[in-house]
Amino acid sequence: LSALRQFFGFLYREGVRPDDPSAALDSPKRGRPLPKILSREDVGRLIDAARRRAEKNAEGERLICIVEMLYASGLRISELVGLPLAATKNRNDVLFVKGKGGKERLVPLNDEAQGAIREYLSVRETFLPQGSARKAAERFLFPSRAADGHLTRRRCHQMLKELAVDAGIDPNKLSPHVLRHAFATHLLEGGADLRSVQAMLGHADIATTQIYTHVADERLRKTLETAHPLAKRK
């Protein structure tokens, strides 16, 4: 289509044609790439690997807390690292989150995530910096010596890549956003309605959330092709 437009545009400019027939053609819509996701089995292996680390030290406790919260809530990584400590103290079963554009929402937490938060809070003091940086870091759930006072997105990416290796998962398949994708897709596969998932993800437009229905449909189709008796016979 691009080549035809260039060609007929040239003919029109040179006076060979009195009009440009390609001007009336509509451009094709660009498809949105399907998000990368992890299977339920991959998530289980990831959580198991994080729990093994949690038995060793405080960094492991922090890591399992991060993984459980990302998968249980679908938070963006910027929302997670920027969470104030107070966000977990009002009600244990929900998080009060300020997302894109300053929009606020409540995000429910399952029992595993609540337990991981409680365990992490018992060692959180370990990550508070000393000196003048301490005051800025104290207000965050995940304090750090970083300039902003909290754990950085970059460091979270690194931690998850390392964890993927421990879990026997390709590290290129894992990122904080992939856990957000897994949260949404697994909810829809489990029967959650699209509006509820939209609210939990903090999407302003439901069209953004609908991409996950395509992922779920694609996985169901592949399951049908491999598991159905007629498909096996074929």
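The structure presented is a predicted model; accordingly, all values stated were derived computationally and were not measured.

*Asks:* I'd like a description of the overall build of the protein chain, backed by residues and values.
*Replies:* Within the protein chain, the regular secondary structure consists of 12 helices and 2 strands. Moving toward the C terminus, one meets the helices and strands of the protein chain in the order α-α-α-α-β-β-α-α-α-α-α-α-α-α. Per-residue burial for the protein chain yields a buried fraction of 42% across its 234 residues.

*Asks:* So what's going on with the packing of helix H2 (residues 40-54) against helix H7 (residues 153-166)? Which residues, and what values?
*Replies:* Contact pair H2 / H7: the axes reach a minimum separation of 9 Å and the direction vectors enclose 100 degrees. Accordingly, the angle class assigned to the pair H2 and H7 is roughly perpendicular. Here Leu 46, Ala 49, Ala 50, Arg 52 and Arg 53 of H2 come into contact with H7, specifically with Glu 162, Leu 163, Ala 164 and Asp 166. Across the contact of H2 with H7, the residue classes break down as 5 nonpolar, no polar and 4 charged.

*Asks:* Describe the pairing of strand E2 (residues 104-108), with residues and values.
*Replies:* Side chains Arg 105 and Val 107 project from E2 onto a buried face, and the interleaved Glu 104, Leu 106 and Pro 108 project onto a face without burial. Two elements, strand E1 (residues 94-98) and E2, share 5 bridges in a ladder whose sense is antiparallel. Paired with Val 97 across the bridge in E2 is Arg 105. Between E1 and the antiparallel strand that follows it, E2, lie 5 residues; Gly 101 among them carries a positive phi value of about 70 degrees.

*Asks:* I'd like a description of the nonpolar core, backed by residues and values.
*Replies:* The nonpolar side chains of a soluble globular protein tend to be buried with one another. Leu 46, Met 69, Leu 80, Leu 83, Leu 95 and Phe 142 are the most contacted members of the largest nonpolar core, which totals 47 residues. Broken down by secondary-structure element, the contributors of at least two residues to this core are H2, helix H3 (58-73), helix H4 (77-81), E1, helix H5 (111-121), H7 and helix H8 (176-189). Ranked by residues supplied to this core, first place goes to H3 with 9 residues. Filtering out sequence-adjacent residues up to four positions away, Phe 142 remains in contact with Arg 62, Cys 65, Ile 66, Met 69, Leu 80, Tyr 120, Gly 149, His 150 and Leu 151. Membership of the second largest hydrophobic core comes to 8 residues, among which are Phe 183, Met 200, Leu 201 and Ile 206.

*Asks:* So what about the pattern of salt bridges? Which residues, and what values?
*Replies:* Under the defined criterion, the tally for this structure stands at 10 salt bridges. Note that Asp 166 is salt-bridged to Arg 53, the shortest N-O span being 2.8 Å. Of this pair, Asp 166 sits in helix H7 while Arg 53 sits in helix H2; the two residues are 113 residues apart in sequence, bridging distant segments of the chain. For Glu 79, the salt bridge goes to Arg 76, with nearest N and O atoms at 2.5 Å. Judged by its relative accessible area of 5%, Glu 79 falls in the buried class. Members of the salt-bridge network, linked through shared partners, are Asp 42, Arg 45 and Lys 173.

*Asks:* A description of H8 should follow, citing residues and the corresponding values.
*Replies:* The end-to-end C-alpha distance of H8 is 20 Å, a good match for the 20 Å that 14 residues give at a rise of 1.5 Å each. Burial analysis of H8 places 11 of its 14 residues in the buried class, which makes it a mostly covered element. Within H8 the residues assigned to the buried category are Pro 176, Val 178, Leu 179, Arg 180, His 181, Ala 182, Phe 183, Ala 184, Thr 185, His 186 and Leu 188.

How each quantity is defined
Residues numbered from 1 in each chain as written. Predicted model: local features only at pLDDT ≥ 70, side-chain atom pairs only at ≥ 80, totals over all residues. Heavy atoms only, no water. Helix = DSSP H or I, 4+ residues; strand = E, 2+ residues; numbered from the N terminus. Buried < 20%, exposed > 50% of the residue type's maximum accessible area, 1.4 Å probe, protein only. Axes fitted to C-alpha atoms, helices over the stretch in contact; angles between N-to-C directions. Parallel < 35°, antiparallel > 145°, perpendicular 65-115°, else oblique. Contact = heavy atoms within 4.5 Å. Nonpolar A, V, L, I, M, F, W, Y, C, P; charged D, E, K, R; others polar. Pairing = 2+ DSSP bridges. Core = buried A, V, L, I, M, F, W, Y, C linked by side-chain atoms within 4.5 Å. Salt bridge = Lys/Arg side-chain N within 4 Å of Asp/Glu carboxyl O. Expected span 1.5 Å × (residues − 1).

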